[in-house]
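# Understanding the architecture of this molecule
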Amino acid sequence: MNNRFSAISNFDEELDFLESDALPKVETSDAPIAPEEIPEEVKNKKPLSVHALESGEISPSRQKILDAKVKLHRQMLDEFNLVALEELPRDQMVREIHNFVSDYVAKERLALNNAELEEFVGTIVDELTGLGPLEPLMRNPDISDILINGPNNCFAEISGVLQPITIPFKDEAHLVRIIGKIVAAVGRRIDESNPMCDARMADGSRFNAAIRPIAIDGPLVSIRKFSEDKLSLEKLEEFNAIAPQMAEMMRHAVAAKKTTIISGGTGTGKTTMLNALSAYISPKERVLTIEDAAELALQIPHVGRMETRPPNNEGVGEIKQRDLVKNALRMRPDRVILGEVRGEECFDMLQAMNTGHEGSMATIHSNTPRDAIARLEQMLGMTGMPMTVQSIRSQIASAVHLIVQLTRLSDGQRKVTSIAEITGMEGDIIQMQEIFRYRRTDLTAEGKIVGHFEATGVRPRFLEELISMGIEIPGDYFEPGIELS
(Lines give C-alpha, C1' and ligand atoms only; values in the text may rest on other atoms or scores of the structure.)
Protein backbone atom coordinates (compact mmCIF):
# COMPACT_ATOMS: atom_id res chain seq x y z
CA MET A 1 0.00 0.00 0.00
CA ASN A 2 2.77 2.47 0.87
CA ASN A 3 4.34 4.61 -1.84
CA ARG A 4 2.73 3.00 -4.86
CA PHE A 5 4.51 5.60 -6.97
CA SER A 6 7.82 7.08 -5.96
CA ALA A 7 7.33 10.61 -7.37
CA ILE A 8 5.76 13.16 -5.03
CA SER A 9 3.18 15.61 -6.30
CA ASN A 10 0.67 17.83 -4.58
CA PHE A 11 -2.66 17.58 -6.32
CA ASP A 12 -5.11 18.77 -3.66
CA GLU A 13 -7.02 20.68 -6.32
CA GLU A 14 -7.57 17.56 -8.38
CA LEU A 15 -9.16 15.78 -5.39
CA ASP A 16 -11.24 18.62 -3.94
CA PHE A 17 -14.22 16.85 -5.44
CA LEU A 18 -13.93 14.27 -2.64
CA GLU A 19 -15.59 16.79 -0.34
CA SER A 20 -18.46 17.57 -2.71
CA ASP A 21 -22.02 17.15 -1.55
CA ALA A 22 -23.32 14.59 -4.03
CA LEU A 23 -22.42 12.06 -6.66
CA PRO A 24 -23.39 12.58 -10.33
CA LYS A 25 -27.13 12.26 -10.80
CA VAL A 26 -29.71 13.39 -13.30
CA GLU A 27 -33.19 14.42 -12.31
CA THR A 28 -35.92 12.76 -14.33
CA SER A 29 -39.54 11.94 -13.83
CA ASP A 30 -38.65 8.41 -12.74
CA ALA A 31 -38.87 7.52 -9.04
CA PRO A 32 -35.58 7.20 -7.12
CA ILE A 33 -34.07 3.74 -7.22
CA ALA A 34 -33.04 1.88 -4.11
CA PRO A 35 -29.38 0.84 -3.69
CA GLU A 36 -30.19 -2.82 -4.13
CA GLU A 37 -31.93 -1.99 -7.43
CA ILE A 38 -28.89 -0.43 -9.08
CA PRO A 39 -28.91 -1.57 -12.73
CA GLU A 40 -26.61 -4.23 -14.10
CA GLU A 41 -24.73 -1.70 -16.28
CA VAL A 42 -23.31 -0.14 -13.10
CA LYS A 43 -21.98 -3.49 -11.92
CA ASN A 44 -20.44 -4.08 -15.31
CA LYS A 45 -18.79 -0.62 -15.38
CA LYS A 46 -20.84 0.48 -18.38
CA PRO A 47 -22.04 4.10 -18.75
CA LEU A 48 -25.20 4.78 -16.82
CA SER A 49 -28.30 5.61 -18.80
CA VAL A 50 -30.05 8.79 -17.79
CA HIS A 51 -32.89 6.84 -16.18
CA ALA A 52 -30.49 4.80 -14.06
CA LEU A 53 -28.92 7.82 -12.37
CA GLU A 54 -30.52 8.47 -9.01
CA SER A 55 -32.55 11.59 -8.34
CA GLY A 56 -34.01 13.08 -5.20
CA GLU A 57 -32.60 12.90 -1.70
CA ILE A 58 -29.31 11.21 -0.89
CA SER A 59 -29.93 7.71 0.45
CA PRO A 60 -28.18 6.41 3.58
CA SER A 61 -25.93 4.20 1.46
CA ARG A 62 -24.94 7.22 -0.63
CA GLN A 63 -24.17 9.16 2.52
CA LYS A 64 -21.80 6.40 3.59
CA ILE A 65 -19.91 6.84 0.33
CA LEU A 66 -19.71 10.61 0.83
CA ASP A 67 -18.34 10.18 4.36
CA ALA A 68 -15.80 7.63 3.11
CA LYS A 69 -14.65 10.01 0.38
CA VAL A 70 -13.82 12.69 2.93
CA LYS A 71 -11.85 10.25 5.10
CA LEU A 72 -9.97 8.94 2.07
CA HIS A 73 -8.89 12.39 0.90
CA ARG A 74 -5.62 12.82 2.81
CA GLN A 75 -4.73 9.16 2.64
CA MET A 76 -4.92 9.23 -1.18
CA LEU A 77 -2.67 12.28 -1.27
CA ASP A 78 -0.04 10.26 0.58
CA GLU A 79 -0.42 7.14 -1.52
CA PHE A 80 -0.81 8.33 -5.13
CA ASN A 81 0.99 10.61 -7.54
CA LEU A 82 -1.31 11.97 -10.23
CA VAL A 83 1.31 12.36 -12.95
CA ALA A 84 2.55 8.79 -12.59
CA LEU A 85 -1.02 7.53 -12.30
CA GLU A 86 -2.14 9.12 -15.57
CA GLU A 87 0.74 7.47 -17.42
CA LEU A 88 -0.66 4.02 -16.65
CA PRO A 89 -3.08 2.24 -19.01
CA ARG A 90 -6.62 2.96 -17.89
CA ASP A 91 -7.32 -0.65 -16.88
CA GLN A 92 -4.26 -0.74 -14.65
CA MET A 93 -5.07 2.66 -13.18
CA VAL A 94 -8.60 1.54 -12.32
CA ARG A 95 -7.21 -1.60 -10.69
CA GLU A 96 -4.79 0.44 -8.57
CA ILE A 97 -7.54 2.74 -7.35
CA HIS A 98 -9.95 -0.17 -6.93
CA ASN A 99 -7.44 -2.05 -4.76
CA PHE A 100 -6.74 1.05 -2.71
CA VAL A 101 -10.42 1.74 -2.05
CA SER A 102 -11.18 -1.94 -1.38
CA ASP A 103 -8.42 -2.08 1.23
CA TYR A 104 -9.75 1.04 2.87
CA VAL A 105 -13.34 -0.23 2.88
CA ALA A 106 -12.26 -3.51 4.47
CA LYS A 107 -10.09 -1.73 7.04
CA GLU A 108 -12.86 0.67 8.06
CA ARG A 109 -15.51 -2.09 7.92
CA LEU A 110 -17.76 -0.06 5.61
CA ALA A 111 -20.88 -1.92 4.48
CA LEU A 112 -20.71 -1.13 0.76
CA ASN A 113 -22.02 -3.54 -1.83
CA ASN A 114 -20.19 -4.23 -5.08
CA ALA A 115 -22.24 -1.74 -7.09
CA GLU A 116 -21.55 1.08 -4.62
CA LEU A 117 -17.85 0.23 -4.54
CA GLU A 118 -17.61 0.25 -8.36
CA GLU A 119 -19.45 3.58 -8.56
CA PHE A 120 -17.15 5.04 -5.89
CA VAL A 121 -14.06 3.98 -7.85
CA GLY A 122 -15.58 5.38 -11.05
CA THR A 123 -16.13 8.85 -9.58
CA ILE A 124 -12.53 8.99 -8.38
CA VAL A 125 -11.14 7.92 -11.77
CA ASP A 126 -13.36 10.44 -13.56
CA GLU A 127 -12.14 13.32 -11.43
CA LEU A 128 -8.47 12.38 -11.59
CA THR A 129 -8.21 11.76 -15.32
CA GLY A 130 -11.45 13.01 -16.88
CA LEU A 131 -14.00 15.74 -16.46
CA GLY A 132 -15.31 14.82 -13.02
CA PRO A 133 -19.09 15.03 -12.72
CA LEU A 134 -19.41 15.67 -16.47
CA GLU A 135 -18.06 12.24 -17.35
CA PRO A 136 -21.30 10.24 -16.82
CA LEU A 137 -23.13 12.74 -19.03
CA MET A 138 -20.45 12.60 -21.73
CA ARG A 139 -20.74 8.79 -21.81
CA ASN A 140 -24.52 8.78 -21.94
CA PRO A 141 -25.62 8.25 -25.57
CA ASP A 142 -29.10 9.69 -24.89
CA ILE A 143 -27.67 13.13 -24.12
CA SER A 144 -26.82 15.38 -27.09
CA ASP A 145 -26.37 18.77 -25.38
CA ILE A 146 -25.13 19.81 -21.94
CA LEU A 147 -25.91 23.40 -20.92
CA ILE A 148 -24.51 24.84 -17.69
CA ASN A 149 -25.57 28.24 -16.31
CA GLY A 150 -23.43 28.30 -13.20
CA PRO A 151 -22.71 25.27 -10.97
CA ASN A 152 -26.29 24.96 -9.67
CA ASN A 153 -28.36 25.55 -12.82
CA CYS A 154 -27.79 22.86 -15.44
CA PHE A 155 -29.77 21.43 -18.33
CA ALA A 156 -29.36 18.64 -20.88
CA GLU A 157 -31.08 17.68 -24.09
CA ILE A 158 -32.10 14.07 -23.53
CA SER A 159 -33.57 12.19 -26.49
CA GLY A 160 -34.34 15.50 -28.19
CA VAL A 161 -36.02 17.18 -25.18
CA LEU A 162 -34.34 19.86 -23.05
CA GLN A 163 -34.77 19.29 -19.31
CA PRO A 164 -33.13 20.35 -16.02
CA ILE A 165 -30.52 18.06 -14.48
CA THR A 166 -28.30 18.04 -11.40
CA ILE A 167 -24.54 18.02 -11.91
CA PRO A 168 -22.79 17.90 -8.52
CA PHE A 169 -20.14 20.58 -8.85
CA LYS A 170 -18.74 21.40 -5.42
CA ASP A 171 -18.74 25.13 -6.19
CA GLU A 172 -17.95 27.63 -8.93
CA ALA A 173 -14.20 27.06 -8.56
CA HIS A 174 -14.71 23.34 -9.24
CA LEU A 175 -16.57 24.16 -12.46
CA VAL A 176 -13.93 26.69 -13.54
CA ARG A 177 -11.20 24.11 -12.92
CA ILE A 178 -12.92 21.61 -15.24
CA ILE A 179 -13.36 24.32 -17.90
CA GLY A 180 -9.65 25.07 -17.66
CA LYS A 181 -8.78 21.41 -18.08
CA ILE A 182 -10.88 21.19 -21.28
CA VAL A 183 -9.47 24.32 -22.95
CA ALA A 184 -5.88 23.55 -21.93
CA ALA A 185 -6.12 20.18 -23.67
CA VAL A 186 -6.59 21.94 -27.05
CA GLY A 187 -3.96 24.62 -26.47
CA ARG A 188 -6.36 27.46 -25.71
CA ARG A 189 -6.86 29.59 -22.64
CA ILE A 190 -9.66 31.17 -20.65
CA ASP A 191 -9.22 33.78 -17.91
CA GLU A 192 -10.42 37.25 -16.94
CA SER A 193 -8.55 38.86 -19.81
CA ASN A 194 -9.93 36.31 -22.28
CA PRO A 195 -13.23 35.13 -20.73
CA MET A 196 -14.63 33.28 -23.77
CA CYS A 197 -13.44 30.15 -25.50
CA ASP A 198 -14.66 27.96 -28.35
CA ALA A 199 -12.93 24.60 -28.58
CA ARG A 200 -13.11 21.02 -29.78
CA MET A 201 -13.03 18.31 -27.13
CA ALA A 202 -11.02 15.09 -27.41
CA ASP A 203 -14.07 13.10 -28.57
CA GLY A 204 -14.97 15.70 -31.21
CA SER A 205 -17.70 17.40 -29.18
CA ARG A 206 -18.12 21.15 -29.57
CA PHE A 207 -17.33 23.14 -26.42
CA ASN A 208 -18.03 26.79 -25.62
CA ALA A 209 -17.51 28.55 -22.32
CA ALA A 210 -17.78 32.05 -20.87
CA ILE A 211 -16.64 32.96 -17.35
CA ARG A 212 -16.70 36.05 -15.18
CA PRO A 213 -16.73 39.00 -15.71
CA ILE A 214 -18.94 38.52 -18.79
CA ALA A 215 -20.87 35.60 -17.22
CA ILE A 216 -22.71 37.39 -14.44
CA ASP A 217 -24.13 34.41 -12.52
CA GLY A 218 -21.18 32.07 -12.91
CA PRO A 219 -19.57 30.14 -15.78
CA LEU A 220 -21.68 29.43 -18.85
CA VAL A 221 -20.85 26.18 -20.64
CA SER A 222 -22.41 24.53 -23.66
CA ILE A 223 -21.28 21.14 -24.94
CA ARG A 224 -22.66 19.77 -28.20
CA LYS A 225 -21.92 16.06 -28.30
CA PHE A 226 -21.46 14.17 -31.52
CA SER A 227 -22.28 10.54 -31.90
CA GLU A 228 -19.36 8.17 -32.40
CA ASP A 229 -21.49 6.40 -34.99
CA LYS A 230 -21.79 8.94 -37.80
CA LEU A 231 -25.29 8.96 -39.24
CA SER A 232 -25.53 8.08 -42.91
CA LEU A 233 -28.25 9.27 -45.24
CA GLU A 234 -29.78 5.80 -44.97
CA LYS A 235 -29.94 6.14 -41.18
CA LEU A 236 -31.61 9.54 -41.51
CA GLU A 237 -34.20 7.86 -43.74
CA GLU A 238 -34.81 5.23 -41.04
CA PHE A 239 -35.33 7.99 -38.48
CA ASN A 240 -37.81 9.63 -40.89
CA ALA A 241 -35.72 12.81 -40.98
CA ILE A 242 -35.81 12.73 -44.78
CA ALA A 243 -37.91 10.82 -47.32
CA PRO A 244 -36.14 8.17 -49.47
CA GLN A 245 -37.02 10.06 -52.67
CA MET A 246 -35.51 13.27 -51.31
CA ALA A 247 -32.40 11.41 -50.17
CA GLU A 248 -31.92 9.79 -53.57
CA MET A 249 -32.13 13.14 -55.34
CA MET A 250 -29.56 14.63 -52.93
CA ARG A 251 -27.18 11.70 -53.51
CA HIS A 252 -27.22 12.33 -57.24
CA ALA A 253 -27.00 16.12 -56.80
CA VAL A 254 -23.84 15.78 -54.69
CA ALA A 255 -22.30 13.36 -57.19
CA ALA A 256 -23.16 15.80 -60.01
CA LYS A 257 -21.31 18.59 -58.13
CA LYS A 258 -24.34 20.74 -57.39
CA THR A 259 -23.25 23.38 -54.85
CA THR A 260 -25.34 22.97 -51.71
CA ILE A 261 -26.05 25.18 -48.72
CA ILE A 262 -27.44 23.42 -45.64
CA SER A 263 -29.60 25.83 -43.68
CA GLY A 264 -31.14 25.56 -40.22
CA GLY A 265 -31.20 26.77 -36.65
CA THR A 266 -29.07 25.68 -33.74
CA GLY A 267 -29.21 21.94 -33.07
CA THR A 268 -31.17 21.05 -36.19
CA GLY A 269 -28.55 18.61 -37.51
CA LYS A 270 -26.73 20.69 -40.14
CA THR A 271 -23.34 19.14 -39.43
CA THR A 272 -24.86 15.65 -39.40
CA MET A 273 -26.45 16.25 -42.81
CA LEU A 274 -23.21 17.64 -44.22
CA ASN A 275 -21.32 14.57 -43.02
CA ALA A 276 -23.96 12.27 -44.52
CA LEU A 277 -23.95 13.98 -47.92
CA SER A 278 -20.16 13.92 -48.09
CA ALA A 279 -20.26 10.13 -48.52
CA TYR A 280 -21.39 10.70 -52.13
CA ILE A 281 -18.41 12.82 -53.15
CA SER A 282 -16.17 10.89 -55.52
CA PRO A 283 -13.11 9.37 -53.79
CA LYS A 284 -11.04 10.75 -56.68
CA GLU A 285 -11.74 14.33 -55.57
CA ARG A 286 -9.62 16.39 -53.17
CA VAL A 287 -11.70 18.13 -50.49
CA LEU A 288 -10.59 20.82 -48.04
CA THR A 289 -12.66 21.64 -44.95
CA ILE A 290 -12.53 24.94 -43.07
CA GLU A 291 -14.04 25.34 -39.60
CA ASP A 292 -13.81 27.41 -36.43
CA ALA A 293 -13.61 24.23 -34.35
CA ALA A 294 -12.99 21.10 -36.42
CA GLU A 295 -15.98 18.79 -36.01
CA LEU A 296 -16.73 17.53 -39.50
CA ALA A 297 -16.04 13.85 -40.10
CA LEU A 298 -16.37 13.52 -43.85
CA GLN A 299 -16.87 10.01 -45.15
CA ILE A 300 -14.30 10.24 -47.96
CA PRO A 301 -10.57 9.37 -48.15
CA HIS A 302 -8.95 12.54 -49.56
CA VAL A 303 -9.69 15.29 -47.03
CA GLY A 304 -7.53 18.17 -45.78
CA ARG A 305 -8.81 19.78 -42.58
CA MET A 306 -8.09 23.34 -41.47
CA GLU A 307 -9.16 25.22 -38.36
CA THR A 308 -9.16 28.90 -37.42
CA ARG A 309 -6.93 30.20 -34.63
CA PRO A 310 -7.79 32.86 -32.02
CA PRO A 311 -5.35 35.67 -31.18
CA ASN A 312 -2.63 34.99 -28.59
CA ASN A 313 -2.08 36.81 -25.29
CA GLU A 314 -0.76 39.86 -27.12
CA GLY A 315 -3.81 39.98 -29.38
CA VAL A 316 -1.95 38.90 -32.52
CA GLY A 317 -1.72 35.74 -34.59
CA GLU A 318 -5.44 35.37 -35.31
CA ILE A 319 -6.30 33.34 -38.41
CA LYS A 320 -9.86 33.84 -39.68
CA GLN A 321 -11.99 31.66 -41.92
CA ARG A 322 -11.47 34.11 -44.77
CA ASP A 323 -7.71 33.62 -44.54
CA LEU A 324 -8.15 29.87 -44.67
CA VAL A 325 -10.50 30.05 -47.67
CA LYS A 326 -7.97 32.14 -49.59
CA ASN A 327 -5.20 29.72 -48.71
CA ALA A 328 -7.34 26.68 -49.55
CA LEU A 329 -7.72 27.86 -53.14
CA ARG A 330 -3.94 27.56 -53.54
CA MET A 331 -4.01 23.92 -52.44
CA ARG A 332 -5.68 22.42 -55.53
CA PRO A 333 -9.06 21.52 -54.04
CA ASP A 334 -11.86 20.04 -56.11
CA ARG A 335 -14.33 21.12 -53.45
CA VAL A 336 -14.17 23.44 -50.44
CA ILE A 337 -16.44 22.75 -47.48
CA LEU A 338 -17.09 25.35 -44.79
CA GLY A 339 -18.40 24.15 -41.45
CA GLU A 340 -20.39 27.35 -41.12
CA VAL A 341 -20.54 30.58 -43.10
CA ARG A 342 -20.99 33.54 -40.78
CA GLY A 343 -19.01 36.51 -42.08
CA GLU A 344 -16.84 38.03 -44.75
CA GLU A 345 -15.47 34.63 -45.84
CA CYS A 346 -18.77 34.30 -47.73
CA PHE A 347 -17.34 36.39 -50.57
CA ASP A 348 -14.31 34.18 -51.07
CA MET A 349 -16.46 31.06 -50.79
CA LEU A 350 -18.83 32.23 -53.54
CA GLN A 351 -15.87 33.24 -55.68
CA ALA A 352 -14.50 29.71 -55.32
CA MET A 353 -17.86 28.19 -56.23
CA ASN A 354 -17.93 30.35 -59.35
CA THR A 355 -14.40 29.57 -60.46
CA GLY A 356 -14.08 25.83 -60.84
CA HIS A 357 -14.95 24.49 -57.40
CA GLU A 358 -18.52 23.38 -58.07
CA GLY A 359 -20.01 20.96 -55.60
CA SER A 360 -18.68 22.85 -52.60
CA MET A 361 -20.87 22.83 -49.50
CA ALA A 362 -21.44 24.93 -46.39
CA THR A 363 -23.89 25.37 -43.53
CA ILE A 364 -25.63 28.58 -42.52
CA HIS A 365 -27.94 29.64 -39.70
CA SER A 366 -31.37 30.60 -41.06
CA ASN A 367 -35.00 29.60 -40.75
CA THR A 368 -36.02 29.23 -44.41
CA PRO A 369 -34.27 28.91 -47.79
CA ARG A 370 -35.23 32.49 -48.61
CA ASP A 371 -33.77 33.66 -45.30
CA ALA A 372 -30.56 31.82 -46.17
CA ILE A 373 -30.22 33.87 -49.35
CA ALA A 374 -30.87 37.08 -47.39
CA ARG A 375 -28.13 36.14 -44.92
CA LEU A 376 -25.68 35.46 -47.74
CA GLU A 377 -26.47 38.93 -49.11
CA GLN A 378 -25.80 40.50 -45.72
CA MET A 379 -22.49 38.66 -45.37
CA LEU A 380 -21.37 39.85 -48.79
CA GLY A 381 -22.18 43.36 -47.65
CA MET A 382 -19.89 42.86 -44.62
CA THR A 383 -16.84 42.70 -46.89
CA GLY A 384 -17.11 46.43 -47.51
CA MET A 385 -16.53 46.01 -51.22
CA PRO A 386 -18.36 48.41 -53.58
CA MET A 387 -20.91 45.95 -54.98
CA THR A 388 -24.41 46.72 -56.13
CA VAL A 389 -27.37 44.68 -54.90
CA GLN A 390 -27.72 43.16 -58.36
CA SER A 391 -24.07 42.06 -58.49
CA ILE A 392 -24.32 40.54 -55.00
CA ARG A 393 -27.41 38.56 -55.91
CA SER A 394 -25.91 37.55 -59.22
CA GLN A 395 -22.92 36.07 -57.37
CA ILE A 396 -25.24 34.02 -55.17
CA ALA A 397 -27.52 32.88 -58.00
CA SER A 398 -24.65 31.66 -60.15
CA ALA A 399 -22.77 29.94 -57.28
CA VAL A 400 -25.46 28.14 -55.28
CA HIS A 401 -27.69 25.42 -56.73
CA LEU A 402 -29.54 23.85 -53.80
CA ILE A 403 -30.59 24.88 -50.30
CA VAL A 404 -31.51 22.10 -47.86
CA GLN A 405 -33.53 23.42 -44.92
CA LEU A 406 -33.48 21.55 -41.60
CA THR A 407 -35.78 22.22 -38.65
CA ARG A 408 -36.02 20.87 -35.13
CA LEU A 409 -39.71 20.56 -34.33
CA SER A 410 -41.17 21.44 -30.94
CA ASP A 411 -41.36 17.74 -29.96
CA GLY A 412 -37.62 17.23 -30.60
CA GLN A 413 -37.90 15.66 -34.07
CA ARG A 414 -35.40 16.86 -36.67
CA LYS A 415 -36.66 17.05 -40.24
CA VAL A 416 -35.58 18.21 -43.67
CA THR A 417 -38.48 20.61 -44.09
CA SER A 418 -37.58 21.95 -47.54
CA ILE A 419 -35.28 21.37 -50.49
CA ALA A 420 -35.19 24.35 -52.85
CA GLU A 421 -33.35 25.01 -56.11
CA ILE A 422 -31.98 28.41 -57.13
CA THR A 423 -32.74 28.82 -60.82
CA GLY A 424 -31.23 32.19 -61.65
CA MET A 425 -32.12 35.89 -61.71
CA GLU A 426 -35.16 37.76 -62.93
CA GLY A 427 -34.40 41.44 -62.77
CA ASP A 428 -32.93 42.05 -59.32
CA ILE A 429 -34.67 39.06 -57.74
CA ILE A 430 -33.11 35.64 -57.16
CA GLN A 431 -35.49 33.00 -58.48
CA MET A 432 -36.03 29.91 -56.34
CA GLN A 433 -38.33 26.92 -56.62
CA GLU A 434 -39.18 24.48 -53.85
CA ILE A 435 -38.90 20.83 -54.90
CA PHE A 436 -39.76 18.94 -51.69
CA ARG A 437 -41.24 19.99 -48.34
CA TYR A 438 -42.45 18.62 -45.04
CA ARG A 439 -46.11 19.29 -44.26
CA ARG A 440 -47.43 19.17 -40.69
CA THR A 441 -50.89 17.68 -40.44
CA ASP A 442 -51.70 17.11 -36.76
CA LEU A 443 -50.57 17.31 -33.14
CA THR A 444 -51.22 14.38 -30.80
CA ALA A 445 -52.38 14.71 -27.21
CA GLU A 446 -48.83 13.90 -26.11
CA GLY A 447 -47.51 16.89 -28.07
CA LYS A 448 -45.99 14.83 -30.91
CA ILE A 449 -46.13 16.46 -34.34
CA VAL A 450 -47.60 14.38 -37.15
CA GLY A 451 -46.81 15.13 -40.78
CA HIS A 452 -45.40 13.84 -44.04
CA PHE A 453 -42.99 14.68 -46.84
CA GLU A 454 -44.34 15.63 -50.24
CA ALA A 455 -43.23 16.94 -53.62
CA THR A 456 -44.41 20.32 -54.84
CA GLY A 457 -44.77 19.18 -58.46
CA VAL A 458 -41.74 21.17 -59.63
CA ARG A 459 -38.94 19.20 -61.26
CA PRO A 460 -35.37 20.37 -60.68
CA ARG A 461 -33.67 21.92 -63.68
CA PHE A 462 -30.55 19.79 -63.27
CA LEU A 463 -32.47 16.59 -64.13
CA GLU A 464 -31.32 16.92 -67.74
CA GLU A 465 -27.71 17.11 -66.59
CA LEU A 466 -28.22 13.95 -64.52
CA ILE A 467 -29.65 12.14 -67.55
CA SER A 468 -26.57 13.08 -69.58
CA MET A 469 -24.50 11.43 -66.80
CA GLY A 470 -26.56 8.25 -67.11
CA ILE A 471 -28.59 8.94 -63.96
CA GLU A 472 -32.37 8.75 -64.15
CA ILE A 473 -34.69 9.74 -61.32
CA PRO A 474 -38.26 8.39 -61.63
CA GLY A 475 -40.74 11.09 -62.57
CA ASP A 476 -43.26 10.02 -59.93
CA TYR A 477 -40.86 11.28 -57.25
CA PHE A 478 -42.03 14.77 -58.15
CA GLU A 479 -45.78 14.15 -58.41
CA PRO A 480 -47.61 16.68 -56.18
CA GLY A 481 -50.05 15.71 -53.46
CA ILE A 482 -48.56 12.24 -52.87
CA GLU A 483 -47.15 11.38 -49.45
CA LEU A 484 -43.52 10.35 -49.78
CA SER A 485 -42.32 7.35 -47.80
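Our subject is the structure listed above.
No experiment lies behind these values; they were computed from the predicted model shown.

### Thoughts on the overall build of the protein chain
Helix and strand counts for the protein chain come out as 15 helices and 16 strands. In the protein chain, buried positions account for 51% of the 485 residues. In the protein chain, the proportion of contacts linking residues at least 24 apart, taken out of those at least 6 apart, comes to 60%. In the structure as shown, the protein chain presents an accessible area of about 22,800 Å², 49% of it carried by carbon and sulfur atoms.

### A short note on the pattern of salt bridges
Under the definition given, this model contains 20 salt bridges. A salt bridge links E157 to R408; the nearest nitrogen and oxygen atoms lie 2.3 Å apart. With E157 in strand β2 (residues 154-158) and R408 in strand β12 (residues 402-408), the pair connects residues that are 251 residues apart, well separated along the chain. Exposure remark for E157: the relative accessible area of 4% places this residue in the buried category.

### Considering the layout of surface pockets
A probe as big as a water molecule, rolled over the atoms, marks out the empty space that is left. When its volume is computed, the second largest pocket comes out at roughly 730 Å³. Forming the boundary of the second largest pocket are 27 residues, of which R188, T308, R309, P310 and P311 lie nearest the centre. Considering every element that reaches the lining of the second largest pocket, the biggest residue donor is strand β4 (residues 196-200), with five residues. When its residues are assigned to classes, the lining of the second largest pocket shows eight nonpolar, seven polar and 12 charged.

### Things to note about helix α13 (residues 369-382)
Taking 1.5 Å of rise per residue, the 14 residues of α13 would be expected to cover 20 Å, and the 20 Å separating its terminal C-alpha atoms lies within 8% of that figure. Among the residues of α13, P369, A372, I373, L376, E377, M379 and L380 are the ones counted as buried. The buried residues of α13 all sit within an arc of 165° when viewed along its axis, so they share a single face. The exposed set on the far side of α13, more than 90 degrees from its buried face, consists of Q378 and M382. Immediately beyond the C-terminal end of α13, within one or two residues, lies G384, with a positive phi of roughly 80°.

### Considerations on unusual backbone geometry
The step from R212 to P213 runs through a cis peptide bond, and the omega angle for that step is 15°. Within the element layout of this structure, P213 appears in the loop between β5 (206-210) and β6 (220-224). The phi dihedral of K257 is positive, around 65°, even though this residue is not glycine. Position of K257 among the secondary structure elements: in the loop between α9 (244-255) and β7 (260-264).

### Examining the sheet that holds β2
Within the open sheet, the six strands sit side by side as β3-β2-β1-β6-β5-β4. Their pairing is antiparallel. Two strands bound the open sheet, and with one partner strand each, they are β3 (161-165) and β4. Averaged over all pairs of adjacent strands, the angle between strand axes in this sheet comes to 15°, irrespective of strand direction. Here β4 runs beside β5; their pairing, made up of five bridges, is antiparallel. In the sheet register, A199 faces β5, and the bridge partner there is F207.

### Quick word on the sheet that holds β12
If you walk across this open sheet you meet the 10 strands as β9-β8-β10-β11-β7-β12-β13-β14-β15-β16, and the pairing is mixed. Both outer strands of the open sheet, β9 (303-307) and β16 (483-484), are each paired with one neighbouring strand and no more. Together, β7, β11 (361-365), β12, β13 (414-426) and β14 (429-443) form the strand contacts of α13, whose direction differs from that of β14 by roughly 135°.

### Considering the packing of helix α11 (residues 321-328) against helix α12 (residues 345-354)
The N-to-C vectors of α11 and α12 enclose an angle of 20°; their axes lie 8 Å apart at closest approach. Judged by the angle between their axes, α11 and α12 are roughly parallel. Every pair of crossing elements has a handedness; the one defined by α11 and α12 is left-handed. Residues Q321, R322, V325 and K326 of α11 touch α12, and the partners they reach there are E345, F347, D348 and M349. Here the contact of α11 with α12 is built from residues that sort into three nonpolar, one polar and four charged.

### With respect to α12
Most of α12 sits inside the fold, with eight of its 10 residues counted as buried. Buried within α12 we find E345, C346, F347, D348, M349, L350, A352 and M353. Lining the buried residues of α12 we find β7, α11, β10 (335-338), β11, α13 and α14 (389-399). Of the residues one or two after α12, G356 is the one with positive phi, at around 95°.

### Things to note about the side chain of E421
Mapping E421 onto the fold places it in strand β13. Looking at E421, its side chain comes within polar contact range of the main-chain nitrogen of R461, at 3.0 Å. If we ignore the near neighbours within four places in the chain, the residues touching E421 are H401, L402, Q431, M432, Q433, I435, R459, P460, R461 and F462.

Parameters and conventions
- Residues numbered from 1 in each chain as written.
- Predicted model: local features only at pLDDT ≥ 70, side-chain atom pairs only at ≥ 80, totals over all residues.
- Heavy atoms only, no water.
- Helix = DSSP H or I, 4+ residues; strand = E, 2+ residues; numbered from the N terminus.
- Buried < 20%, exposed > 50% of the residue type's maximum accessible area, 1.4 Å probe, protein only.
- Contact = heavy atoms within 4.5 Å.
- Areas by Shrake-Rupley, 256 points an atom, 1.4 Å probe, with all protein chains shown as cover.
- Salt bridge = Lys/Arg side-chain N within 4 Å of Asp/Glu carboxyl O.
- 1 Å grid on protein atoms, 1.4 Å probe; cavity = no way out; pocket = protein on both sides within 12 Å on 5 of 7 lines; lining within 4 Å.
- Points joined across faces, edges and corners; volume = space filled by probe spheres on them.
- Nonpolar A, V, L, I, M, F, W, Y, C, P; charged D, E, K, R; others polar.
- Expected span 1.5 Å × (residues − 1).
- Arc of directions from axis to C-beta.
- Pairing = 2+ DSSP bridges.
- Axes fitted to C-alpha atoms, helices over the stretch in contact; angles between N-to-C directions.
- Parallel < 35°, antiparallel > 145°, perpendicular 65-115°, else oblique.
- Left-handed = near helix turned anticlockwise from the far one by under 90°.
- Polar contact = N/O pair within 3.5 Å; in protein donor to acceptor, adjacent residues only side chain to side chain.

Purely spatial values, then, with no claim about function.
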